[in-house]
Amino acid sequence: MKSDISQNSQFSLQNLEPLNNDWDSHLYEDKHAFVWQYGEELLKLLNPKPGESILDLGCGTGQLTEKISCAGAEVIGIDSAPAMIEKARENYPHLLFDLANASSFQVDQPLDAVFSNATLHWVKKPEKAIATLAEGIACVHHALKPGGRFVAEFGGKGNVQAITQALSTALESLGITDVETRNPWYFPSIGEYATLLEQQGFEVTYAILFTRPTPLTDKQAGMANWIQMFASTFLKGLSSDQQKQVIRQVEQSLPEKMYCDGSWMADYKRLRFFAIRV
Ligand code: BEZ
């Protein structure tokens, strides 16, 4: 597949897998702006320069893609969710956005950098998780020039552990036994992910795992909104009443320190790295 828009620029993108990825881009923009607001530090690490060609992998609704463009780089944002791409194009009609899958995209011209914020933890297929991850990293490797940089941040080992544990317990109390297969995320340690990067031909020059407690907007509704936005696969097939029961149980069982002054806090842990294509 090649999109019309990318044929007019130095970018030509091929997506090799059918996409089926439903996201609510309005809920994402309205209640979860922290996703790209926290991306500013990562942008500094990327340090985009005028004239560089950069791909924003998992661009969401395009806010960080636009910041990369403001630094003078030629940028394309890709995302596997049609609703996100549609919204990104609406937000920034002068920029390039395309539908593509992080494990199977290709570009025709090698790039200076690939940037990715809050996306890589979604690159997981339970039945062949490691193979799929390696395919995703290999895609990035193929997309880069020698010496090109891969700069990313995503959920690392221990990310949203209290929320995941509370969801599992609440689902198990409803008699649901396949909780692990409902879990869509991959949160690796530095050692695990740096090894995958090295095996695919990257030199990892910087990596850090850090806690970043993240305040959720919307006061009391913050945790329910977060679960509906990001953890909906855990709730698949449940009636609306059962979903409400699970969310209520999660809220009641989370530690007190995650609910301060009437607002929820999510127990995020981030893995940030800088790697160079050898
Ligand atoms: C994260 O950015 O760490 C994240 C977002 C949604 C679900 C899980 C993790």
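Everything here concerns the structure above.
Sequence order as written defines the numbering, with residues in each chain counted from 1. A pLDDT threshold of at least 70 governs which residues receive local features in this predicted model, and a stricter bar of 80 or more applies before side-chain atom pairs are shown or counted, although totals over entire chains, interfaces and linings include all residues. Think of the side-chain values as coming from all heavy atoms in the structure, minus any hydrogens and water.

Draft legend 1. Up close: the site of the ligand. When at least one non-hydrogen atom of a residue lies within 4 Å of a molecule or strand, that residue is treated as near it. Taken together, Ala118, His121, Trp122, Gly155, Asn159, Trp185, Phe187, Trp226, Phe230, Tyr268 and Arg270 form the complete shell of residues around the ligand. In this structure, an oxygen atom belonging to the ligand sits 2.7 Å away from a side-chain N or O atom of asparagine 159. The separation between an oxygen atom of the ligand and a polar side-chain atom of arginine 270 is 2.4 Å. Protein contact buries 97% of the 260 Å² of open area that the ligand shows by itself. The definition of a polar contact used here is a pair of N or O atoms within 3.5 Å, where within protein one atom must be able to donate a hydrogen and the other to accept one, and adjacent residues in sequence count solely through side-chain atom pairs. The Shrake-Rupley method, run with a 1.4 Å probe, gives the accessible areas here. Residue values count only the displayed protein chains as cover.

Draft legend 2. Focus on helix 10 (residues 222–230). The buried label goes to any residue with under 20% of its type's maximum accessible area, the exposed label to any with over 50%, and the partly exposed label to all in between, with areas taken from a 1.4 Å probe on protein chains only. Numbering of helices and strands runs from the N terminus, with a helix taken as a DSSP run of H or I at least four residues long and a strand as a DSSP run of E at least two residues long. When you tally the buried positions in helix 10, you get 8 out of 9 residues, the bulk of the element. Within the sequence span of helix 10, burial applies to Gly222, Met223, Ala224, Asn225, Trp226, Ile227, Met229 and Phe230. The contact definition used throughout considers only heavy atoms, calling two residues in contact when any of these lie within 4.5 Å. Those residues of helix 10 that are buried lie in contact with helix 1 (25–31), helix 2 (34–37), helix 5 (82–91), helix 7 (161–172), helix 11 (240–253) and strand 10 (263–277).

Draft legend 3. Quick look at the nonpolar core. Note on terminology: a nonpolar core comprises buried Ala, Val, Leu, Ile, Met, Phe, Trp, Tyr and Cys residues joined through side-chain atoms within 4.5 Å. With 49 residues, the main nonpolar core has Ile163, Trp226 and Ile227 as its most contacted residues. Top element by residues in this core is helix 10. It accounts for 6 residues. The contact partners of tryptophan 226, leaving out residues within four places of it in the chain, are His32, Phe34, Val160, Ile163, Trp185, Leu216, Ala231 and Tyr268. Among the nonpolar cores identified, the runner-up in size contains 31 residues, and Phe105, Val107, Phe150 and Phe202 belong to it.

Draft legend 4. Just the pattern of salt bridges, in detail. Should a side-chain nitrogen of Lys or Arg be within 4 Å of a carboxyl oxygen of Asp or Glu, the pair is scored as a salt bridge. Summed over all chains, the structure comprises 11 salt bridges. Residue glutamate 41 pairs with lysine 44 through a salt bridge whose shortest N-O separation is 3.3 Å. Of this pair, glutamate 41 and lysine 44 both sit in helix 3 (residues 40–46), 3 residues apart, which is roughly one turn of that helix. Where glutamate 153 meets arginine 272, a salt bridge forms, and the shortest distance between an N and an O atom there is 2.6 Å. Pair noted here: glutamate 153 is in strand 7 (residues 144–155) and arginine 272 is in strand 10, with a separation of 119 residues, a long-range link. One exposure class covers both glutamate 153 and arginine 272, and it is buried.

Draft legend 5. Representation of the side chain of glutamine 63 in the model. Residue placement: glutamine 63 occurs in helix 4 (residues 63–70). Among the polar contacts listed, one links the side chain of glutamine 63 to the side chain of threonine 61, at a separation of 2.8 Å. Filtering out sequence-adjacent residues up to four positions away, glutamine 63 remains in contact with Glu29, Trp36, Asn91 and Tyr92.

Draft legend 6. Representation of the state of the cysteines in the model. Only a pair of cysteine sulfur atoms within 2.5 Å counts as a disulfide in this structure description. Evaluated as defined, the whole model comprises 0 disulfides. Just so you know, cysteine 59 is unpaired, no disulfide at all, and the nearest cysteine sulfur is the one on cysteine 70, 15 Å from it. Look at cysteine 59 and you get buried, because its relative accessible area is 6%. Cysteine 139 carries a free sulfur, and the closest cysteine sulfur to it, the one in cysteine 59, is 16 Å from it.

Draft legend 7. The packing of aromatic side chains, seen in detail. What counts as a ring pair is set by centres within 6.5 Å for rings of Phe, Tyr and Trp (its six-membered ring), and what kind of pair is set by the plane angle: stacked under 30 degrees, edge-to-face over 60, tilted for all other angles. Tallied over the entire structure, the rule returns 14 aromatic pairs. Ring geometry for phenylalanine 34 and tyrosine 268: centres 6.1 Å apart, planes at 75°, overall edge-to-face. Taken together, the residues phenylalanine 34 in helix 2 and tyrosine 268 in strand 10 connect sequence positions 234 residues apart. Given the relative accessible area of 9%, tyrosine 268 is considered buried.

Draft legend 8. Inspection of the packing of helix 7 against helix 11 at higher detail. Here, axes are lines fitted to C-alpha atoms. For helices the fit covers the stretch in contact, and angles between N-to-C directions go from 0 to 180 degrees. Following both chains from N to C, one finds helix 7 and helix 11 inclined at 130°, their axes separated by 9 Å at the closest point. Classed by the angle they form, the pair helix 7 and helix 11 counts as oblique. Like other packed secondary-structure pairs, helix 7 and helix 11 cross with a definite hand, here right-handed. For the pair formed by helix 7 and helix 11, the contact residues are Ala166, Leu167, Thr169, Ala170 and Leu171 on the first element and Val246, Gln249, Val250 and Ser253 on the second. By the definition adopted for this analysis, an angle is roughly parallel if under 35 degrees, roughly antiparallel if over 145, roughly perpendicular if from 65 to 115, and oblique otherwise. Helix crossings get a hand from a simple test, with the near helix turned counterclockwise from the far one by less than a right angle marking a left-handed crossing and a clockwise turn marking a right-handed one.

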